[in-house]
There are 2 protein chains.
Amino acid sequence: MTRARAHNIGLSLDGFGTGVDQSLEAPFGHAGIRLMSWYFPTRTFQVQTGDRERVEVESAADPDDVFAARAWEGIGAEIMGAGKFGPPGWQDDPDWTGWWGDEPPFHTPVYVMTHAPRASIEKAGGTTFHFRDAPPADVLAEASAAASGLDVRLGGGPTSIREFLAAGLVDHLHVVVVPILLGRGVRLWDGLEGLEESYAVESVTTPSGVTHVTFTRP
Amino acid sequence: MTRARAHNIGLSLDGFGTGVDQSLEAPFGHAGIRLMSWYFPTRTFQVQTGDRERVEVESAADPDDVFAARAWEGIGAEIMGAGKFGPPGWQDDPDWTGWWGDEPPFHTPVYVMTHAPRASIEKAGGTTFHFRDAPPADVLAEASAAASGLDVRLGGGPTSIREFLAAGLVDHLHVVVVPILLGRGVRLWDGLEGLEESYAVESVTTPSGVTHVTFTRP
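Residues numbered from 1 in each chain as written. Chains lettered and ligands numbered in written order. Predicted model: local features only at pLDDT ≥ 70, side-chain atom pairs only at ≥ 80, totals over all residues.

A. The arrangement of the relation of the copies chain A and chain B in detail. Expressed as a screw transformation, the operator carrying chain A onto chain B has a rotation angle of 180 degrees and an axial translation of 0.0 Å, and the superposed copies differ by an RMSD of 0.0 Å. Taken together, these values place the two copies in the relation of a two-fold axis. Looking at the rotation axis and the C-alpha trace of chain A, the residue lying nearest is T205 of chain A, at 2.7 Å. Most of the interface of chain A is mirrored in chain B: 100% of its interface residues are interface residues there too. (Least-squares fit on C-alpha atoms with pLDDT ≥ 70 in both. Contact = placed C-beta atoms within 7 Å.)

B. Highlighting the nonpolar core. Core analysis: the largest hydrophobic core is formed by 100 residues, its most contacted members being L11 and I79 of chain A together with L11 and I79 of chain B. In this structure L11 of chain B touches F16, G17, L35, V175, V176, V177, V178 and L188 of chain B, once residues within four positions along its chain are discounted. (Core = buried A, V, L, I, M, F, W, Y, C linked by C-beta atoms within 7 Å. Buried ≥ 20, exposed ≤ 12 C-beta atoms within 10 Å, placed from the backbone.)

C. Region of interest: the sheet that holds strand β7 (residues 151-154) of chain B. Residues and elements named next belong to chain B. Strands sit in the order β5-β6-β4-β3-β7-β1-β8-β11-β10 across an open sheet of 9 strands; the sheet is mixed. Looking along the sheet, the strands with just one partner apiece sit at the ends: β5 (121-122) and β10 (200-205). Here 2 bridges tie strand β1 (residues 4-12) to β7, and the two strands are oriented parallel to one another. Looking at the pairing, A4 lines up with V152 of β7. (Pairing = 2+ DSSP bridges. Helix = DSSP H or I, 4+ residues; strand = E, 2+ residues; numbered from the N terminus.)

D. Fine view of unusual backbone geometry. In the segment running from G156 of chain A into G157 of chain A, the intervening peptide bond is cis, with an omega of 0 degrees. One can find G157 of chain A in the loop between β7 (151-154) and α5 (158-166). The phi dihedral of D21 of chain B is positive, around 65 degrees, even though this residue is not glycine. Its place among the elements puts D21 of chain B in the loop between β2 (16-18) and α1 (43-49).

E. How the structure looks around the pairing of β7 of chain B. Residue and element names in this part refer to chain B. Residues of β7 alternate between two faces, with D151 and R153 on one and V152 and L154 on the opposite face, all of them buried. Relative to β7, strand β3 (residues 75-81) runs parallel, the two being bridged by 4 bridges. Residue I79 lies in a different strand from β7, and its bridge partner there is L154.

F. Representation of helix α2 (residues 62-70) of chain A within the structure. All names here are of chain A. Within α2, the full set of buried residues consists of D64, D65, F67 and A68. An end-on view of α2 places all buried positions within 165 degrees of arc, on one side of the element. Those residues of α2 that are buried are in contact with β1 (4-12), α1 (43-49), β8 (172-178) and β11 (211-216). (Arc of directions from axis to C-beta.)

G. Geometry of the sheet that holds strand β10 (residues 200-205) of chain A. Residue and element names in this part refer to chain A. If you walk across this open sheet you meet the 9 strands as β5-β6-β4-β3-β7-β1-β8-β11-β10, and the pairing is mixed. Every other strand in the sheet has two partners, leaving β5 (121-122) and β10 as the edge strands with one partner each. Lying over the sheet, helix α4 (residues 136-146) contacts β1, β3 (75-81), β4 (109-113), β6 (128-132) and β7, oriented at roughly 155 degrees with respect to β3. (Axes fitted to C-alpha atoms, helices over the stretch in contact; angles between N-to-C directions.)

H. How the structure looks around the interface of chain A and chain B. Each partner contributes residues to the interface: chain A has 23 residues there, and chain B has 23 residues. Residue assignment for the side of chain A that touches chain B shows that the elements contributing at least two residues are β10 and β11 of chain A.

So, to be careful, I would describe these as geometric facts and stop short of saying anything about function.
Below is the structure:
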């Protein structure tokens, strides 16, 4: 059965999944790369970016890599929110095709949720972006069908993940609590009182100082 | 030098240090005892409550006890917010003397911050409650003097701790992140962007599933 899984969702200790003032130069706003800095030393990220040959994997990142790698296993499609596809206003730029260049790391169909859909964009390496203005359940149904028996990754950002959680559509959620206080931004957890009652919850702190928390539907 | 230390501050994963609807019957509001349930199996709590003879300490609680015990070491005075001394409205009840019976577990002077001060209350075992309507720095100065070279514990609740953090008065903060979503209540972290920059921060998840996070001023 196809599951909906969200992985590697960085959160500040005060619960923000991204900052304020996102732009082309600052995809995460004032948060910068701090919510993802644990990810960059992982083998998973370095293989993706082609840095594996020249960057040593730090040993402290090995436990983090256990989590980082899972995000890419058994995934047949991704769903992302509009804020992950581009900076505010990308819908007004007909030439914008996403942050990831000619060969994005997804290698599957990717469904971008936006109120301003456009024609699909096919990239090298098997990634095709589709744009949908539809409720989460409908987009998930379409992505699940496209996933050919594999799972669907909910790629974020936090607003999108929260919508899927609120609709009861998430089978597995992996957040990474980074011990910083952003003070401002988009909260992941708002309106989700009692969420843990529907999940098995596990936590582990790794040597890099972040805490991985997983919610898994029994 | 006397330090100001806050320990065993339970927080939900969504950042709430207490719930809503506090009352005589529900000191933590709708949160119930969930933010402190990790504490009850610890040796520290059981010794305090006199249950040590009849309740087995669970082995999974031993790592938690390392943290639980520190709260009581080297403390010469406590400061607490009004909400820790009694339920909403206790200021209107001249007979209210706190939640802790005839022999409270503090065994030091305790300074209760309230806009409705009353005469000091002396209890058995060395606990005396003093009531102060003064800024955090002033109350801390008085408590520090009373601590006779030991440290001052900031006993909570979250509103009180946040005020001391915002004023830059906290030398050590220990929070315990419990993997539940309260959805509503009092947030500890509001208005504290960048707090971590002034502290060494450490995190560890224990077998009970909570994550202890400490902020220590270098």
